[in-house]
Amino acid sequence: ILEIASGSGEHVTFFAERSDPDLIFQPSDPDPDARASIDAWANTLQTSNVRPAIALDASAHSWPITKADAVLCINMIHISPWAATPGLMAGAARIMPPHGLLYLYGPYRRGGRHTAPSNEAFDQRLRDHNPAWGVRDLEMVADVAQDHGFASPLVHVMPANNLSVFFRRKA
């Protein structure tokens, strides 16, 4: 499983500790400080199924990994320029087999509207920090995914007004 934008490494090590030890996780992040944190978490927790973090920019036309059965991306789409989203979809489609799973987690607008006042306030804070960031429309994200060979998403509402969004790569 390739994790995109692993950040500090807390998510990947959480999943790795609770998974079959034969399930291998490949964390990634474009930030060298984040990669150091990821590797520190994995070393401290002695997770044998987490590889050393790699430098990966989701919007790049080529990635330093050529194969993954699944791609995990938590809290990146809203804290990155829009170009990272089509880049994520294109890259995931390149490296995943048919029926591979792309999992996204985070806040989204649905039908052009925020799902909660707290998400609207969060969106404004993000845009104040960086105008290229912001809570995205789930329908736009799904359209881009479908343009890259993914089926319509399965969406599960999560706590704190976030969504789990599951895309399967078409055969």
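All of these numbers come straight from a predicted model, not from anything done at the bench. The residue numbering used here restarts from 1 in each chain and proceeds along that chain's sequence as written. Side-chain atom pairs in this predicted model are given and counted only at pLDDT of 80 or more, local residue features only at pLDDT of at least 70, and totals for whole chains, interfaces and linings cover all residues. Side-chain calculation: all heavy atoms of the structure are included, whereas hydrogens and water are not.

Visitor: Just to check I follow, could you spell out the nonpolar core for this structure?
Guide: Across soluble globular proteins, you tend to see nonpolar side chains buried next to one another. By nonpolar core we mean a set of buried residues, namely Ala, Val, Leu, Ile, Met, Phe, Trp, Tyr and Cys, connected to one another through side-chain atoms within 4.5 Å. Categorising residues by exposure relies on relative accessible area from a 1.4 Å probe, with only protein chains included: less than 20% of the type maximum marks a residue as buried, more than 50% marks it as exposed, and the intermediate range marks it as partly exposed. In terms of nonpolar packing, the biggest core is built from 30 residues, with L2, I4, V71, L88, L102, L104 and F167 touching the most fellow members. Each helix is a run of H or I in the DSSP string that is no shorter than four residues. Each strand is a run of E no shorter than two, and both are numbered from the N terminus. Looking at this core, the elements with two or more residues in it are β1 (2–4), β3 (70–74), α3 (84–95), β4 (101–106), α5 (138–147) and β9 (163–168). One finds F25, A42, V50 and A53 within the second-largest nonpolar core, a separate group that totals seven residues.

Visitor: Quick question: what am I supposed to make of the sheet that holds strand β5 (residues 108–110) here?
Guide: Two modes of strand pairing occur in sheets, parallel and antiparallel, and in both the strands are linked by backbone hydrogen bonds. An order of β6-β5-β7 is seen for the three strands of this open sheet, with the pairing classed as mixed. Of all strands in the sheet, those bounded by a partner on one side alone are β6 (113–114) and β7 (136–137). Only when DSSP finds a minimum of two bridges between them are two strands counted as paired. Pairing between β5 and β7: two bridges, direction parallel. The residue bridging R109 from the neighbouring strand is D137, located in β7.

Visitor: Would you explain the pattern of salt bridges in this entry?
Guide: Whenever Lys or Arg places a side-chain nitrogen within 4 Å of a carboxyl oxygen from Asp or Glu, that contact is recorded as a salt bridge. Across all of its chains, the model carries four salt bridges by this definition. With a closest N to O distance of 3.5 Å, E17 and R18 form a salt bridge. The partly exposed category is assigned to E17, whose relative accessible area is 41%. A salt bridge links D123 to R127; the nearest nitrogen and oxygen atoms lie 2.8 Å apart. Of this pair, D123 and R127 both sit in helix α4 (residues 117–129), four residues apart, which is roughly one turn of the helix. If you follow the salt bridges from partner to partner, you end up with R109, D123, R127 and D137 in one network.

Visitor: I tried to follow the sheet that holds strand β8 (residues 154–157) on my own but got confused; where do I start?
Guide: If you trace the six strands from one edge of the open sheet to the other, you get β2-β1-β3-β4-β9-β8, paired in mixed fashion. Looking at strand neighbours, the two that pair on one side only are β2 (26–27) and β8, the edges of this open sheet. Contact criterion: two residues are considered in contact whenever any of their non-hydrogen atoms come within 4.5 Å of each other. A fitted line through C-alpha atoms represents every axis, and for helices the fit uses only the stretch in contact; the resulting angles, taken between N-to-C directions, go from 0 to 180 degrees. Sheet strands in contact with α3 are β1, β3 and β4, and its direction is about 150 degrees off that of β4. Sheet contacts for α5: β4, β8 and β9; angle to β9, the most-contacted strand, approximately 20 degrees.

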